[in-house]
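One letter stands for each residue in the lines below.
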Amino acid sequence: MDRILVTGGTGYIGSHTVVELQQAGYSVVIIDDLSNSNREVIDGIERITGIRPDFVEGDCTDMQTLSKLFADYPDIKGIINFAASKAVGESMQKPILYYRNNLNTLLNLLDLMGPNGVKGIVFSSSCTVYGEPDENPVTEKAPIKKATSPYGNTKQISEEIITDVINAGAPFKSVILRYFNPVGAHPSAEIGELPNGVPQNLIPYLTQTAIGIRQELSVFGDDYDTPDGSCIRDYINVVDLAKAHVIAVKRMLEDKSDAKIEIFNLGTGNGVSVLELINVFEEATGVKVPHKIVGRRAGDIEKVWANPAYANEVLGWKATSTLADTMRSAWAWQLKLRERGVM
Ligand code: WQD
């Protein structure tokens, strides 16, 4: 079976995607600089799939590292690019780091694909490109709003770069996937999300509070124009999300579409508020989450959820996990981290 290069493959979404790729029969080589992950993730992938993916420790912004990787693996047919910095707040403090990491990585990959006979690249984009949408649920035709952070801007610029390069006649395809809010962990609890330091995102903060690492979860605002006043998001199970990448890769490598660039929203189609999510977690796990309402977080979108109909129809993909199961998986992962003495 074809080999897929997964950049950032030891990260959160990357590792779940490597599992699904291997289970679908693809060979994988991961490149990751381990800046926001660690080697043990590879052991977790091996425990789940029985296959140890090839791993190169390296930085994708370095052209020589990537050139050597393509020379060592002449059988790479597709790329899934997860290698990127992803913290919205940090990107405000360190914009150069974000533009350099996210854009140079993409440019290097696009530059090397043609000469190395790679047929397609799946790109991790984000619902942040829609900003505060005029209408929910959001379709792929919704206008792109000016990015509110360097992180979001790198996603917008990356989509434009891919489009320009392919329109200029590059000999490969791309599928751009706009994720909503990926959450949860593999049902085996062998891999999951492991943020560095104090989590910025809701679910890791919530599970760390539930287990007692954090005292209390702050709910950022209860005065939004939503039924209970807290913000609404579309929380998508990370394994469901990972499966969409396998379908996207197959679609490019098997030339199932005439289009050279395709864009899909990956979400469930359900908008869930922060307070509702806390409830679902508590009911699904039987564990209480101490929380308090605090002021709004600067830059937060009030409400956004996906219309995933296009991905449902064209990719034949649908998010199938229930939110309760997803919350149980996030909790099982947090318990596993304690069992292993990680945190
Ligand atoms: C979700 C909801 C918060 C923490 C951003 C990016 C997105 C993606 C994920 C890559 C919001 C509320 C959160 C807390 C809270 N990027 N919240 N208390 O902001 O929707 O998306 O991160 O990794 O591209 O835009 O995700 O998980 O931070 O917040 O009340 O302690 O939870 O206000 O309504 P967000 P999030």
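Everything here concerns the structure above.
Below, the structure is looked at part by part. Here the structure is a predicted model, which is why all the values come from computation and not from measurement.

Points about the sheet that holds strand E11 (residues 261–266)
As summarised here, the arrangement of the 7 strands in space is E3-E2-E1-E4-E5-E6-E11, forming an open sheet in which the pairing is parallel. Bordering the open sheet on either side are strand E3 (54–57) and E11, each of which pairs with just one other strand. Strand-to-strand twist across the sheet, computed as the mean angle between neighbouring axes with direction ignored, equals 20°. Pairing geometry for strand E1 (residues 3–7) and strand E4 (residues 76–81), over 5 bridges, is parallel. Each residue of the ladder has a partner; that of Arg 3, found in E4, is Ile 76.

Observations regarding helix H8 (residues 238–253)
The terminal C-alpha atoms of H8, which comprises 16 residues, lie 23 Å apart, in line with the 22 Å expected from a rise of 1.5 Å per residue. With 13 of 16 residues buried, H8 lies mostly within the body of the structure. Where H8 starts, the residue carrying a side-chain oxygen 2.7 Å from the main-chain nitrogen of Val 239 turns out to be Asn 237. The first or second residue beyond H8 is Asp 255, which carries a positive phi of 50°.

So, the packing of helix H1 (residues 12–23) against helix H2 (residues 40–49)
If you want to describe how two helices pack, look at the angle between their axes and the distance between the axes. Where H1 meets H2, the axes come as close as 10 Å, and the angle between the chain directions of the two elements is 30°. Compared by their axis directions, H1 and H2 come out roughly parallel. The two elements H1 and H2 meet at a crossing, and its hand is right-handed. Contact with H1, carried on its side by Ser 15, Val 18, Val 19, Gln 22 and Gln 23, involves Val 41, Ile 45, Ile 48 and Thr 49 of H2 and no other residues of that element. Taken together, the residues of the contact of H1 with H2 sort by class into 5 nonpolar, 4 polar and no charged.

Structural notes on the site of the ligand
Looking at the ligand, there are 19 residues lining it, with Leu 202, Ser 218, Arg 233, Arg 297 and Asp 300 nearest. Between the ligand and Lys 86 there is a distance of 3.5 Å, counted from an oxygen atom to a backbone nitrogen or oxygen. One of the backbone N or O atoms of Leu 202 is found 2.8 Å from an oxygen atom in the ligand. Across the shell around the ligand, the residue classes break down as 9 nonpolar, 6 polar and 4 charged.

Structural notes on the side chain of Glu 20
Tracing the backbone through its elements, the reader meets Glu 20 in helix H1. If sequence neighbours within four positions are ignored, Glu 20 has contacts with Val 239, Ala 242, Lys 243 and Val 246.

What about the layout of surface pockets?
Here the second largest pocket defines a volume of roughly 220 Å³. If one sorts the elements of the lining of the second largest pocket by residue count, strand E10 (residues 235–237) sits on top with 3 residues. Each residue belonging to the lining of the second largest pocket can be placed in one class, and the counts come to 6 nonpolar, 8 polar and 2 charged.

Some points on the side chain of Glu 159
Among the secondary structure elements, Glu 159 is positioned in helix H6 (residues 150–167). Only 2.6 Å separates the side chain of Glu 159 from the side chain of Ser 125, close enough to count as a polar contact. Setting aside residues up to four positions removed in sequence, Glu 159 forms contacts with Ser 125, Val 129, Ile 176, Arg 178 and Ile 263.

Brief notes about empty space enclosed by the protein
Taken as a whole, this structure holds 3 cavities of 30 Å³ or more when the rule is applied. Taken as a whole, the largest cavity holds about 100 Å³ of empty space. Glu 193, Ile 203, Pro 204, Thr 207 and Trp 333 are the residues nearest the centre of the largest cavity, which is lined by 13 residues in total. When residues of the lining of the largest cavity are traced back to their parent elements, those giving at least two are helix H7 (202–210) and helix H11 (323–339). Every residue lining the second largest cavity is listed: Asn 81, Phe 82, Ala 83, Ala 84, Asn 102, Phe 123, Ser 124, Thr 154, Lys 155 and Ser 158.

Conventions we followed
As a convention, each chain's residues are numbered from 1 in the sequence order in which they are written. Residue-level local features of this predicted model are given only where pLDDT is at least 70; pairs of side-chain atoms are given and counted only at 80 or more, and the full residue set underlies all totals for whole chains, interfaces and linings. In computing side-chain values, all of the structure's heavy atoms are included and hydrogens and water are not. Paired strands, as defined in this entry, are two strands with at least two bridges between them according to DSSP. A run of H or I in DSSP becomes a helix once it reaches four residues, and a run of E becomes a strand once it reaches two; helices and strands are each numbered from the N terminus. Every axis corresponds to a line fitted to the C-alpha atoms, with the helix fit spanning only the stretch in contact, and the corresponding angles, defined between N-to-C directions, vary from 0 to 180 degrees. Helix span, as expected, comes to 1.5 Å for every residue beyond the first. When accessible area is computed with a 1.4 Å probe and restricted to protein chains, residues below 20% of their type maximum are described as buried, those above 50% as exposed, and intermediate ones as partly exposed. Counted as a polar contact is a pair of N or O atoms within 3.5 Å, where, for protein atoms, one must be capable of donating a hydrogen and the other of accepting one, and residues adjacent in sequence contribute only when both atoms are in side chains. Oblique is the label for any angle not under 35 degrees, not over 145, and not in the 65 to 115 range, which are roughly parallel, roughly antiparallel and roughly perpendicular in turn. Note on convention: the crossing is left-handed when the near helix lies turned anticlockwise from the far helix by less than a right angle, right-handed when the turn is clockwise. Contact between two residues is taken to exist if any of their heavy atoms lie within 4.5 Å; hydrogens are not considered. The residue classification treats Ala, Val, Leu, Ile, Met, Phe, Trp, Tyr, Cys and Pro as nonpolar and Asp, Glu, Lys and Arg as charged. All others, Gly included, are polar. We define proximity as follows: a residue is near a molecule or strand when any one of its heavy atoms falls within 4 Å of that partner. Computed over the protein atoms alone on a 1 Å grid, cavities are sets of points where a 1.4 Å probe fits but cannot get out and pockets are open sets with protein on both sides within 12 Å along at least five of seven lines; a residue lines them when it has an atom within 4 Å of a point. Grid points are joined across faces, edges and corners, and a volume is the space filled by probe spheres set on the points.

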